[in-house]
Amino acid sequence: QLHVVESGGGLVQPGGSMRLSCVGSGFTLDYYAMAWFRQAPGKEREGVSCINSREGTHYVDSVKGRFTISRDNAKNTVYLQMNSLKVADTAVYYCAAHVDCLATPDYWITPAIAWGQGPQVPVSS
C-alpha cells in the first residue's frame, strides 16, 4: 500500500518558523511530484506548495517568500520549511503524492495516489 506520513506541527508564535516532513512508503518518491496542502477551520482545502520530480517548485501567492518546499529522495521525504508564520497560516497541513504541479493550486491534488492526515499548525501568541 502507498502511504505518506507527515510529522512536525504544533503551536508556534507569529513570526516563528517550523519545518514539516512527509515520508513516503510503498513507493519511490523520486518519480513523483509532491505537494503540501492545508485546511483551516471552516475553510476549503488550499494548495500551498508543489515540487515536481525535477525539483521545480510552485507556491500559492500567500506563502511566496516565506515557505520553501524541498525533497530528499534518499530519505523518501519532502519538507515544507515555513518562516515568518502568520495567524492566517493556522491550519491542518498534509502532503500528497503524484500531484499535478502544472494545474492551479486547488487542483494539484486531482491525480494524487496517497495523502496523509496532517499535523495541526496553530499560529498564535
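Up top you'll find the structure we're talking about.
Residues numbered from 1 in each chain as written. Predicted model: local features only at pLDDT ≥ 70, side-chain atom pairs only at ≥ 80, totals over all residues. Heavy atoms only, no water.

Chemist: Describe the sheet that holds strand β2 (residues 18–25), and please don't skip the residues or the numbers.
Modeler: Pairing within the open sheet is antiparallel, and its four strands lie in the order β1-β2-β7-β6. If you trace the sheet from one side to the other, it starts and ends with β1 (3–7) and β6 (67–72), each paired once. On average, each strand axis in the sheet is inclined to that of its neighbour by 20°, with strand direction left out of account. Relative to strand β7 (residues 77–82), β2 runs antiparallel, the two sharing six bridges. Its bridge partner being in β7, C22 is matched across the sheet by V78. (Pairing = 2+ DSSP bridges. Helix = DSSP H or I, 4+ residues; strand = E, 2+ residues; numbered from the N terminus. Axes fitted to C-alpha atoms, helices over the stretch in contact; angles between N-to-C directions.)

Chemist: Please set out the environment of T110 residue by residue, giving values where relevant.
Modeler: Looking at the secondary structure, you find T110 in the loop between β8 (91–97) and β9 (114–115). With 57 residues separating them along the chain, T110 and S53 place their C-alpha atoms 17 Å apart. Only 3.0 Å separates the side chain of T110 from the backbone oxygen of Y107, close enough to count as a polar contact. (Polar contact = N/O pair within 3.5 Å; in protein donor to acceptor, adjacent residues only side chain to side chain.)

Chemist: How would you summarise the environment of V48 if you had to cite specific residues and measurements?
Modeler: Residue position: V48 is located in strand β4 (residues 46–51). Assessed through its relative accessible area of 0%, V48 is described here as buried. Between the alpha carbons of V48 and D100 there is a distance of 13 Å; along the sequence they are 52 residues apart. (Buried < 20%, exposed > 50% of the residue type's maximum accessible area, 1.4 Å probe, protein only.)

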